[in-house]
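So the chains spell out like this:
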Amino acid sequence: MSEHIAPLKIYFSVFLALMALTILTWQVAYIDLGPWNTVVALLIAVCKASLVAMFFMHLRWSASVMRLVLFAAVFWLSILITLTVGDIFTRHALPQPHSWHAAAFVANTSAARRQ
Amino acid sequence: MHNSQAVVAEQFDDRTQQHEAASLGMWIFLATEIMFFGGLFTGYTIYRNLYTAAFETGSHLLNAKIGALNTAILIGSSLTMALAVHSAQTGKRAKLIFFIISTMCLGAAFLLIKFFLEWTHDYAEGTVPGLHFTYAGPHASHVAMFMCFYFIMTGVHALHMIAGEGVLTVLLIMAWRGRFNEERYNAIEMMGLYWHFVDIVWIFLFPLLYLLGARF
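Predicted model only: the values in this text are computed from it and were never measured. (Residues numbered from 1 in each chain as written. Chains lettered and ligands numbered in written order. Predicted model: local features only at pLDDT ≥ 70, side-chain atom pairs only at ≥ 80, totals over all residues. Heavy atoms only, no water.)

Observations regarding the pattern of salt bridges
Evaluation of the coordinates by the stated rule reveals 4 salt bridges over all chains. As a salt-bridge pair, Asp-32 of chain A and Arg-215 of chain B come within 3.1 Å of each other at their nearest N and O atoms. Taken together, the residues span two chains, with Asp-32 of chain A in the loop between helix H1 (8–28) and helix H2 (36–56) and Arg-215 of chain B in the segment after helix H6 (186–211). The shortest N-O distance in the salt bridge between Glu-118 of chain B and Lys-114 of chain B comes to 2.7 Å. Taken as a pair, Glu-118 of chain B and Lys-114 of chain B lie in helix H4 (residues 93–125) at a separation of 4 residues, close to a single helical turn. Each member of the pair, Glu-118 of chain B together with Lys-114 of chain B, is buried. What emerges from the salt-bridge pattern is a single network uniting Asp-32 of chain A together with Glu-56 and Arg-215 of chain B. (Salt bridge = Lys/Arg side-chain N within 4 Å of Asp/Glu carboxyl O. Helix = DSSP H or I, 4+ residues; strand = E, 2+ residues; numbered from the N terminus. Buried < 20%, exposed > 50% of the residue type's maximum accessible area, 1.4 Å probe, protein only.)

What to know about unusual backbone geometry
We note that His-58 of chain A has phi near 60 degrees; this positive angle belongs to a residue other than glycine. With respect to the helices, strands and loops of the structure, His-58 of chain A is situated in the loop between H2 and helix H3 (64–88). The phi dihedral of His-139 of chain B falls on the positive side, at around 55 degrees, and the residue is not glycine. Position of His-139 of chain B among the secondary structure elements: in the loop between strand S2 (132–133) and helix H5 (140–176). Among the residues examined, His-139 of chain B registers a relative accessible area of 42% and is labelled partly exposed.

A look at the layout of surface pockets
If you add up the space inside the largest pocket, you get close to 950 Å³. Along its surface, the largest pocket is lined by 31 residues, and Val-46, Ala-49, Val-74 and Leu-77 of chain A together with Phe-204 of chain B are the ones closest to its centre. Elements that contribute at least two residues to the lining of the largest pocket include exactly H2 and H3 of chain A together with helix H1 (15–50) and H6 of chain B. It is H1 of chain B that provides the largest number of residues to the lining of the largest pocket, a total of 10 residues. Residue classes in the lining of the largest pocket are distributed as 21 nonpolar, 7 polar and 3 charged. (1 Å grid on protein atoms, 1.4 Å probe; cavity = no way out; pocket = protein on both sides within 12 Å on 5 of 7 lines; lining within 4 Å. Points joined across faces, edges and corners; volume = space filled by probe spheres on them. Nonpolar A, V, L, I, M, F, W, Y, C, P; charged D, E, K, R; others polar.)

Details of the interface of chain B and chain A
Across the contact, 50 residues belong to chain B and 49 residues belong to chain A. For the pair chain B and chain A, the summed buried surface comes to about 4300 Å²; carbon and sulfur atoms form 79% of the total. Counting across the interface, chain B meets chain A through 1 salt bridge. For the side of chain B that touches chain A, the secondary-structure elements that each account for two or more residues are H1, helix H3 (64–89) and H6 of chain B. A per-element tally of the side of chain B that touches chain A places H1 of chain B first, with 20 residues. Per-class residue counts for the side of chain B that touches chain A are 28 nonpolar, 15 polar and 7 charged. (Contact = heavy atoms within 4.5 Å. Buried area = accessible area lost by both parts, 1.4 Å probe.)

Describing empty space enclosed by the protein
Counted according to the given criterion, the structure contains 2 cavities of 30 Å³ or more. Listing elements by their share of the lining of the largest cavity, those giving two or more residues are H1 and H2 of chain A together with H6 of chain B. Of all the elements, H2 of chain A adds the most residues to the lining of the largest cavity, at 5 residues. Of the residues assigned to the lining of the largest cavity, the class counts are 9 nonpolar, 3 polar and 2 charged. The computed volume of the second largest cavity comes to approximately 30 Å³. For the second largest cavity, the full set of lining residues is Leu-61, His-121, Asp-122, Glu-125 and Thr-127 of chain B. The element best represented in the lining of the second largest cavity is H4 of chain B, accounting for 3 residues.

A short note on the packing of aromatic side chains
All names here are of chain B. What the rule picks out here adds up to 22 aromatic pairs over all chains. On the numbers, 6.1 Å between centres and 55 degrees between planes, the contact of Phe-55 with Phe-149 is tilted. Of the two residues, Phe-55 sits in helix H2 (residues 52–60) while Phe-149 sits in helix H5, which places them 94 residues apart along the sequence. On the accessibility criterion, Phe-55 (0% relative accessible area) is buried. Ring plane angle 70 degrees and centroid distance 5.2 Å describe the contact between Phe-98 and Phe-99, whose orientation is recorded as edge-to-face. We classify Phe-98 as exposed; its relative accessible area is 53%. Put simply, the rings of Phe-110, Phe-115, Trp-119, Tyr-150, Phe-151, Trp-202, Phe-206 and Tyr-210 touch in pairs and so form one group of aromatic residues. The residue whose ring lies beneath Arg-93 is Trp-176, and the NZ or CZ to ring-centre distance is 5.9 Å. (Phe/Tyr/Trp six-rings, centres within 6.5 Å; stacked < 30°, edge-to-face > 60°. Lys NZ or Arg CZ within 6 Å of the ring centre and 35° of its normal.)

Interpretation in functional terms is not warranted from these geometric data alone.
So this is what it looks like as structure tokens:
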């Protein structure tokens, strides 16, 4: 047995769905939904990406190890984004330990004086 | 068994195993590509949240219509690439050549629109940081930062497309010489995976860069 050959009809249906979603995301962008604009745009983008991956990239019919690689990549990416964003946007919410702050301040000022 | 025309290379048991090994290798490469673009998307996420107004202003300076047109062209090229893979799988040489050329033409149309309609226009408008930046409205330095993200992200994406065009040229010559048939088409299919991946990157770039400021 060899690889699955998808019927042509599927490719054209996926193409039409991608075009429809492109027009949808483009037109929705002109409506003011506040912060929901980004949520809707990203949801539509994820739908489009899933259609491409599942059907154009044959993930639907591939061995599950390919899906595992994609899952791993997306999972690692989510670690990268979550931890970096989590760090940057909690720096002001969580105060620096006082002793650390003082030590760094002394080190900086004495270095500046030496120059 | 050092025959380059052998369908199954000697290290593989059968075609299925050979095909899965090639696909797995390509998917792992694409995983590294996801991390590569992921760094840019992470930077974008952070600075967009720090300087939201400037990013919306910068996005508003871009032409969402051209962005949508290019999205449609790229999705069209993904369709022709999928049809090229299908033609290769069913052993139709003439159709394979036709669809490779179609994919290359659509990809070239995308790149020409990007370089000669968009970037040239951006340069004339003075929104290219470092080269010609005359925007003097509010948050000018952070708008410049948005434009940097725009040029680097779309630029790296365009670079991937140029690389794809190069590989497609090689595959076109190979297809012309009849190197593919129902049993030998892994190269075409792996090229398809790459091309569709580049399409997916654009699917995220389009709303994040062009549509962010469209409603203002």
